[in-house]
Amino acid sequence: MTSVKKHIATTLTAAILVATLAIPATAEETPAIRVSSYKGSTLEVGERSGLIIGPSGTDYTVTSSDPDTVAVEQVLTFWVAVAKAEGSAEITASNGAGERGTVILTVGSAAPAAPEAPASGDNTGLTDNMEIRQEMIRLINQTRKANGVSELPVNEALMNAAQVCSNQRYTWHHAPEEGQAAAEAGYPYGFGDNLTVFTGTADAARHAVDNWINSPGHFETMIDPRCDCIGVGVTQYDGITYCYMFVGIPNSINFYA
């Protein structure tokens, strides 16, 4: 009996040791700085992609391990990756506290150029006004953080849906069309959305977010803690700016899908 007890004790000790040793092997440390590329981790030669860096509200220094392959440029308050040549490069963002985050971008050969669309005063591309849109996301996340809710990562489907709606130049909400745009872009759940329209094109991101902050209903949508991702659209036409914000609500229903 004593021998059996010793065997059991030895087995339990070994099991506990194995479990204890396994924890460091499976745990992953979350980077202090999050870095991603709006257009994904694969770009084509000549392509530009905005970098999404979080947390917002911080000054970052961004560098490339191989600027001849992927260069980085700062435009106003955001950073852009520029695909120069085939290959891969590691993009690193760091802050004054020495914290770092990285993303690896791979550049493939350039695709054949598509025929250029006829010139128009309207913005119809899904990647139009990306600088303004990225600044809007930064300001929205800054507002969310200041109000005690989590910042939102960019969702490409909601980015496209928001831009589709802003390109329609709506001056009031069109719920069926907005719901259909989200579903057709590939977002599977319900969402909240804000719309603002104003005269002028200068400082558009700040103007849009300030409008939503100063409107109680829009403000509540912007800081809704249920939301887990964001997309925005901006269209500027004939001196008027049209802005949409879509915030995804997981496991909810889009009644217009």
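Relevant structure appears above.
What counts and how
Just so you know, the residues in each chain are numbered from 1, in the order the chain's sequence is written. Given that this is a predicted model, residues contribute local features only at a pLDDT of at least 70 and side-chain atom pairs are listed and counted only at 80 or more, while totals for whole chains, interfaces and linings are drawn from all residues. Each side-chain value is derived from all of the structure's non-hydrogen atoms; neither hydrogens nor water enter the calculation. Put simply, DSSP H or I for four residues or longer makes a helix, DSSP E for two residues or longer makes a strand, and each gets a number counted from the N terminus. For every residue, the accessible area obtained with a 1.4 Å probe (protein chains only) is divided by the maximum for its type, and the residue is called buried under 20%, exposed over 50%, and partly exposed between those limits. Pairs of residues are marked as contacts when any of their non-hydrogen atoms sit within 4.5 Å. Think of each axis as a best-fit line through the C-alpha atoms, taken over the contacting stretch in the case of a helix, with angles from 0 to 180 degrees between the N-to-C directions. Should the near helix be turned counterclockwise from the far one by less than a right angle, the crossing is left-handed, whereas a clockwise turn marks it as right-handed. We call Asp, Glu, Lys and Arg charged. Ala, Val, Leu, Ile, Met, Phe, Trp, Tyr, Cys and Pro are nonpolar, and the rest, Gly among them, are polar.

J.: Could you clarify how one ought to interpret the side chain of Thr92 in this entry?
T.: Among the structural elements, Thr92 can be located in strand S7 (residues 87-94). Assessed through its relative accessible area of 10%, Thr92 is described here as buried. Ignoring sequence-local partners within four residues, the contact set of Thr92 consists of Thr61, Val62, Thr63, Arg100, Gly101 and Thr102.

J.: How should the packing of helix H2 (residues 130-146) against helix H5 (residues 204-213) be read in this particular structure?
T.: Helix-helix packing is described using two parameters, namely the angle between the two axes and the distance between the axes. The geometry of H2 relative to H5 is characterised by a closest axis approach of 8 Å and an angle of 35° between their N-to-C directions. Crossing hand, H2 versus H5: right-handed. In this structure, H2 uses Ile132, Glu135, Met136, Leu139, Ile140, Gln142 and Thr143 to contact H5, whose residues at the interface are Ala204, Ala205, Arg206, Ala208, Val209, Trp212 and Ile213. Residues that form the contact of H2 with H5 fall into these classes: 10 nonpolar, two polar and two charged.

J.: I would appreciate a short explanation of unusual backbone geometry in the present structure.
T.: Apart from glycine, the bulk of residues carry a negative phi angle, and the bulk of peptide bonds sit in the trans form. Of note in this structure, Arg169 is not a glycine but carries a positive phi near 55°. Among the secondary structure elements, Arg169 is positioned in the loop between helix H3 (156-167) and helix H4 (175-185). Its identity is not glycine, yet Asp238 carries a phi of approximately 55°, on the positive side. For Asp238, the location among the structural elements is in the loop between strand S10 (229-237) and strand S11 (240-249). According to the relative accessible area criterion, Asp238 is exposed, its value standing at 70%.

Distances and angles like these do not, on their own, reveal function.
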